[in-house]
Each structure stands twice: as C-alpha cells, then as structure tokens.
Amino acid sequence: YGASLVNSLPLSHNPISSSAPVVGILGTGDFSRSLARRLVASGYIVLVGSRTPKRFVSLFPEEAEVTSQIDAASQADIVFIAVCPEHHSTLSDLKQALAGKTLVDVSNGLRISQYGPSNAELLADRFPESWVVKGFNTISAWSLQMGPRDGSKQVGDNSKAKISVMELCRRMGFIPVDMGLLSSSLEIENLPLYLFPSWRVPVLGTLALFIFFYLYNFIQDILQPYVTAGKNFFYKMPIETVNVTLPSVALVLLSLVYLPGLCAAFLQLWLGTKYKRFPDWLDQWLTMRKQLGLCSFLCSVLHAIYSLCLPMRKSARYELLNLAFKQVGHIYIYIYIYQVLLQPSSTVFDSQNVRLICHYHPIGMDLEVQVFLYTMPANLLGHFNYAVNCLHVQSAPWVLSGVVNSGL
Ligand SMILES: NC(=O)C1=CN([C@@H]2O[C@H](COP(=O)(O)OP(=O)(O)OC[C@H]3O[C@@H](n4cnc5c(N)ncnc54)[C@H](OP(=O)(O)O)[C@@H]3O)[C@@H](O)[C@H]2O)C=CC1
Ligand SMILES: [Cu+2]
C-alpha cells in the first residue's frame, strides 16, 4: 500500500532540498533516457555523459544537460553507469574523475549465471577508489517512464553510498529494498532474467490438477465400464473426458483464489489485529491469486469452446433442444470471453480488476448492470458466481447447467 500512496502523490510535490546531489548518467540509451526523465521530474540536476553529446541532446528533456563523459563524471556526486557491461572497460579514462564518488551499476547479464564475479563486482574492481552500489537493474526503462510502481533492490559495501542511492530512489517514487553487500549483486543481476517467476507454481498446479481429474474421470467413465461391462468408451478420451475435467480444474483453481483471502481474514480475527505479518506460505499464496484466477479463466474458456464443439461430433447425437439447453449453461462464460476481448485490456488486466476475471457474469446483463457490477464489492459477486459454478459442475440442471447428456 505504500506504493499506491507514493503513486498518488504528484511528482511536482516532491520536495527538492538544497542538498540535492547532482546526478550523472553515463550512456544515452533507453535506460539512460528514461532515468534522466524521471530524475528531472523528481527535481534532480541531471548531467548525461555521452561519447557524442551533440547527437543525443534532442532525445533528453531540456532540463537535463547532455555533455561529455568526463564532464558528467567530474561534476556529478553520484554517477549511474547506464552503459552495457561489455563496454565498461571503455570508461577507464574516467577513473580519476570518479574517485571517491558513488557509482550505480544498473546492468543486467545476458544469461543467468550461478558463479561470479558479477558485473557490479567487476566494475568495483575497475574503479577501486569509487563506491559501487548495485541497483535499479530490476526496474525496466518502461516502468521508469511510467512512474513509481516497482521497488528497486540494491546492494553495496559502503553504507553511506548505499543510503544516498536509496534516498534518490525514494525521491523518484520507488521503494528501495536493501539487499545487503555487493557480494549479493549476482543475485539481483539474475532477477530480471527469470521468466515469469510468479507463474511457475500456478501453472504447475493447474497441470497437476488437470492430470489428477483426468485420471479420475478416465478411470470412472472409461476404464470402469470397460473392465466391468466390456463397453468401449475409449473414443471419449480426447474430447469428452477433457471437457469433463476442465470445469473441475477451473473450479478448484477458483477456490484457491478465494481460500487464502478467507484464511487471512480468519487469521486476523484469531490474532485480533491486522498489523501482524502473515506467515510466508499465506503471503505467497495471496500474491498468486491473480495467476490462479487467470488459469481458472483459461480452463473455463477451453471448457466453453469444447462444449461448443462437442455436439458437432457424430458420436454425440444430441437432440437440437438439448443442445440449445446445454449452451445456455455456458452463456455467462461466452459473455465473459466477449467482454475480455472487447474491453480495453488495461481495465480487464489491471492488477486491481484482475480478480474480477474469475467471476463469470450471469446471463443477460446490459452494460449499465455490468458497470454496476464492476464497481460492486468484488467478493459478493465472486461468491455468488462461485456458488453458481459449483452447482453447474455438480450438474444441477436447474442452475442452467443444461447438461443433460454429458453427465457433466
Ligand atoms: N533498457 C532497460 O530497460 C534496462 C537496462 N538496464 C541496463 O542498463 C544498461 C544500459 O541499457 P540500455 O540503455 O538499454 O542500453 P543501450 O544499448 O540502449 O545504451 C547503452 C549506451 O551506452 C553508451 N556507451 C558508452 N560507451 C559505449 C561503447 N563503448 N559502446 C557502446 N555504447 C557505449 C552509449 O551512449 P553514448 O553513445 O552516448 O556514449 C549507449 O547509448 C545495461 O547495462 C542494461 O543491462 C537495466 C535495467 C533495465
Ligand atoms: Cu459446463
């Protein structure tokens, strides 16, 4: 919540104390440009050091001065090295000018590496008389431009140097996270290279649930009749069985979206306060809700598509009426797919709205109702839909599940 608080403060209200240090940035690439813009907006005096200053002046905000590398290095108190690590060696001439100053290494590696030395440590070796602080590499140029959201993680050996970098980070509206000494720099250099770290557990969980329910349905609907009565239902494996499995997976995932919130509420009642940290497992579970909800949504979308395709198969001889009835049960999923596709993705996928994604909307809502529902407490709507979906999966026909033949 700290982040959203900072978020709501207009940039121009950031106080500029007279002691605001002059900030230098070496390099004129994407990162440098975004950083310069953000620093200027936060009230810093910015000097950009380039090998060819004249060429890049127009790309920087007016308030930032683009000058030679040596100029920027000698005038600034704190210097960002926004030059790719392969080219750090070309900065050796600046050693004198940078002596005693704080250098911020923002670089990332090209691949995850388990063994050092890290870019930051190499830079520290190159400039033994300067204080290297690793940081900002986990913030992309894009999020620098978009404004405060992410936290910058930094490490460094000199606490004064590190504090000054953290202060600067805070003034830019980001939340600094102190990650220790420079020897931990390898860890944060690797951070941005892990692909979708927050998706691993939810996706593996979805797969595991799918396999579990698929096996269960396979044994119940195919293997058991085959063994006991010699009936051959193996043709059901690719479509029908998958389609019976999907809604169960979706529903369990949806439960996993709601359960941690309830656990948290009970825990707070139990502890009698909301100012205690949740245990780690609950914390991690809570942060996974968005991904779990989206996986659940994906399963229901697949289920809706499968249900639409199923009657097209010859082997499934549905009467027309039954077919129409069956589809009614999925209308809310169709409406939802339609909504997700049509809504500007920013509203639907915004992190605060995203929990709504797992709430299939009831049938026949017009736009005003939808808008109303969007502003309604998400939980109430969610629980209502959750109940409807449970009944749908439990094949209660009167909940418009319309599942007459499939035994779903
Ligand atoms: N882009 C991003 O979103 C992020 C980038 N980073 C890190 O920031 C650093 C810079 O990234 P980015 O701005 O994207 O990279 P770019 O390639 O866009 O910019 C690198 C800059 O380095 C300068 N430079 C200095 N010496 C040399 C040299 N010998 N050869 C080539 N260029 C040189 C150049 O400026 P000039 O010609 O004016 O001297 C050039 O503009 C990297 O270490 C990267 O890992 C970290 C997090 C996010
Ligand atoms: Cu269904």
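Just so we're clear, the structure is a prediction, and the values are computed from it rather than from any experiment.

Rules behind the numbers
- Residues numbered from 1 in each chain as written.
- Chains lettered and ligands numbered in written order.
- Predicted model: local features only at pLDDT ≥ 70, side-chain atom pairs only at ≥ 80, totals over all residues.
- Heavy atoms only, no water.
- Helix = DSSP H or I, 4+ residues; strand = E, 2+ residues; numbered from the N terminus.
- Expected span 1.5 Å × (residues − 1).
- Bend = angle between axes of the 7 residues up to and from the residue.
- Pairing = 2+ DSSP bridges.
- Right-handed = clockwise from strand over helix to strand, strands pointing away.
- Near = heavy atom within 4 Å.
- Polar contact = N/O pair within 3.5 Å; in protein donor to acceptor, adjacent residues only side chain to side chain.
- Areas by Shrake-Rupley, 256 points an atom, 1.4 Å probe, with all protein chains shown as cover.
- Nonpolar A, V, L, I, M, F, W, Y, C, P; charged D, E, K, R; others polar.
- Axes fitted to C-alpha atoms, helices over the stretch in contact; angles between N-to-C directions.
- Left-handed = near helix turned anticlockwise from the far one by under 90°.
- Contact = heavy atoms within 4.5 Å.

What follows is about helix α11 (residues 237-271). The terminal C-alpha atoms of α11, which comprises 35 residues, lie 49 Å apart, in line with the 51 Å expected from a rise of 1.5 Å per residue. Within α11, the axis deviates most sharply at Asn243, by approximately 30°, and proline Pro247 lies no more than four positions further along. With its phi angle positive at about 75°, Gly272 sits one or two positions after the end of α11.

This next bit is on the pairing of strand β6 (residues 131-134). Here four bridges tie strand β5 (residues 102-105) to β6, and the two strands are oriented parallel to one another. Across the sheet, the residue bridging to Leu103 is Val132, located in β6. What joins β5 to β6 is helix α6 (residues 119-126), and the crossover it makes is right-handed.

Okay, the site of ligand 1 next. Around ligand 1 sit 22 residues in total, of which Thr28, Ser50, Arg51, Asn108 and Ala141 are the nearest. His87 is positioned with one of its side-chain polar atoms (N or O) 3.1 Å from a nitrogen atom of ligand 1. If ligand 1 stood free it would expose 890 Å²; the protein chains cover 78% of that surface. Looking at the shell around ligand 1 residue by residue, the classes come out as nine nonpolar, eleven polar and two charged.

One can describe the packing of helix α10 (residues 200-229) onto helix α13 (residues 289-309) by two numbers: an axis separation of 9 Å at closest approach and a directional angle of 35°. The chirality of how α10 crosses α13 is right-handed. Residue-level inspection shows Pro202, Val203 and Thr206 of α10 in contact with α13, the latter providing Gln291, Leu292, Cys295 and Cys299. Of the residues that constitute the contact of α10 with α13, the class distribution is five nonpolar, two polar and no charged.

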